Amino acid sequence: MEELLQKIEVYKAEIAAFTGSNTDEVEAFRIKYLGTNGLVKTVMGEMKNVPNENKREFGQILNNFKIFVQDSYDILKEKTAETENKIEHNFDWSLPGNPVVVGTRHPLNIIRNQIVSIFQKIGFAVSEGPEIEDDWHNFGAMNLPEDHPARDMQDTFYVNQNPIWLLRTHTSSVQARVMQHQKPPIRVICPGRVYRNETISARAHCFFHQVEGLYIDENVSFADLKQTLYFFVQEMFGKDVKVRFRPSYFPFTEPSAEMDISCLICESKGCNVCKHSGWVEILGSGMVHPNVLENFGIDSNKYTGFAFGMGVERIAQLKYRVNDLRLYSQNDIRFLKQFMGVV
Ligand code: 2U9
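Residues numbered from 1 in each chain as written. Predicted model: local features only at pLDDT ≥ 70, side-chain atom pairs only at ≥ 80, totals over all residues. Heavy atoms only, no water.

(A) Highlighting empty space enclosed by the protein. Applying the stated criterion across every chain, the model contains 1 cavity of 30 Å³ or more. By volume, the largest cavity is sized at about 40 Å³. Along the walls of the largest cavity sit Ile261, Ser262, Cys263, Leu264, Ile265, Val280 and Leu318, which together make up its complete lining. Taken together, the residues of the lining of the largest cavity break down into 6 nonpolar, 1 polar and no charged. (1 Å grid on protein atoms, 1.4 Å probe; cavity = no way out; pocket = protein on both sides within 12 Å on 5 of 7 lines; lining within 4 Å. Points joined across faces, edges and corners; volume = space filled by probe spheres on them. Nonpolar A, V, L, I, M, F, W, Y, C, P; charged D, E, K, R; others polar.)

What follows is the structure, given as structure tokens:
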């Protein structure tokens, strides 16, 4: 009994010295003393060992102890609520918030969006299609029959289970799908990712991005092609830009031409980018080959069309002076954050 009285005194001293002042600490206090397995319960349990003649006196002591603990807890709880309330009221709501880190648009998406909106201004619709294509949509329909030597320039990746499936080498396959389902007039641009079996280096990659365009109607001429592409470069690179066309060869267009613009980096004075020629190549184009029109049941005596294709990386390289293609897909934050704020 003497021992029990001593324990109670120790607990009382402990409680008086308790300094906890937040909700968690006060809750820990409650559990320790007043909880189901708390010290008050344990002390009360000792009553059964107290001789009958002392039970009355002891009952009083234990009861007082219980009241003391309960009162101490109530006071602590009230004080804590008060201080926490005060902290809340003293909070300066005018403080600036924590900055939210937002991502940046990828430079290729910025340029892709710009190209798309320029062509939308002059009435081109936008179409997208699958990246895994069949041989016919990618090659056959584009006047590139099997064993055609021009297929070598567009070697790609094939699906093991069925080699008629391949990763598209250009977005022409999307125009092919448009021609399958739509009658002329057709005026469409097709942005998207394309694949080639190339060794990765600063100047080549096994995937890149294109925007291709197609315009088919009666009386579409090479003059329409030139004026449309001239409008595009003026919108993209400014009114001072000059253009020139060089004859070229593509199996899907005849005649074909590559388009150069005057070098904006050195103002045509000669630099590394234009290889001291004053001109940089930006896209390929031409009049749609009659075979391609006929492949889709379009009468090539009635309808003509022009088509063009450009690499988004190439345009971005000229706009932002990116000299290594690999930077676009390495996800290096130091590269990407330079485009912060460009929309
Ligand atoms: C159809 C008919 C013709 C699309 C064309 C080019 C010329 C061209 C290259 C530019 C750089 C590919 O990204 S690149 O490597 N493209 O030079 N593309 S004409 O001709 C078509 C497309 C669809 C039905």
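(B) Focus on the site of the ligand. Around the ligand there are 18 residues in total, and Gln210, Phe250, Gly284, Ala307 and Gly309 lie nearest to it. Between the ligand and the protein, one listed contact pairs an oxygen atom with a side-chain N or O atom of glutamine 210 at 2.9 Å. Contact with the protein chains covers 88% of the free accessible surface of the ligand, which is 560 Å². Take the shell around the ligand: its biggest share by element is 5 residues, from strand 9 (residues 304–311). Residue classes in the shell around the ligand are distributed as 9 nonpolar, 8 polar and 1 charged. (Near = heavy atom within 4 Å. Polar contact = N/O pair within 3.5 Å; in protein donor to acceptor, adjacent residues only side chain to side chain. Areas by Shrake-Rupley, 256 points an atom, 1.4 Å probe, with all protein chains shown as cover. Helix = DSSP H or I, 4+ residues; strand = E, 2+ residues; numbered from the N terminus.)

(C) Geometry of the side chain of glutamate 133. Here glutamate 133 is to be found in strand 2 (residues 132–134). Looking at glutamate 133, its side chain comes within polar contact range of the side chain of arginine 177, at 2.7 Å. Residues contacting glutamate 133, with those up to four places away along its chain left out, are Asn138, Ile164, Trp165, Leu166, Arg168, Ser173 and Arg177. (Contact = heavy atoms within 4.5 Å.)

(D) Inspection of the sheet that holds strand 4 (residues 186–195) at higher detail. Pairing within the open sheet is mixed, and its 7 strands lie in the order 1-4-5-9-8-7-6. Looking at strand neighbours, the two that pair on one side only are strand 1 (125–126) and strand 6 (243–250), the edges of this open sheet. With respect to the sheet, helix 5 (residues 107–121) is in contact with strand 1, strand 4, strand 5 (207–217) and strand 9, its orientation differing from that of strand 4 by roughly 165°. (Pairing = 2+ DSSP bridges. Axes fitted to C-alpha atoms, helices over the stretch in contact; angles between N-to-C directions.)

(E) Structural context of unusual backbone geometry. Cis geometry is adopted by the peptide bond preceding proline 185, which originates at proline 184 and carries an omega value of 5°. Of note, the amide linkage connecting glutamate 254 to proline 255 takes the cis form, showing an omega dihedral of -5°. Following the sequence through the fold, proline 255 ends up in strand 7 (residues 253–262). The backbone of asparagine 143 shows a phi angle near 70°, a positive value even though the residue is not glycine.

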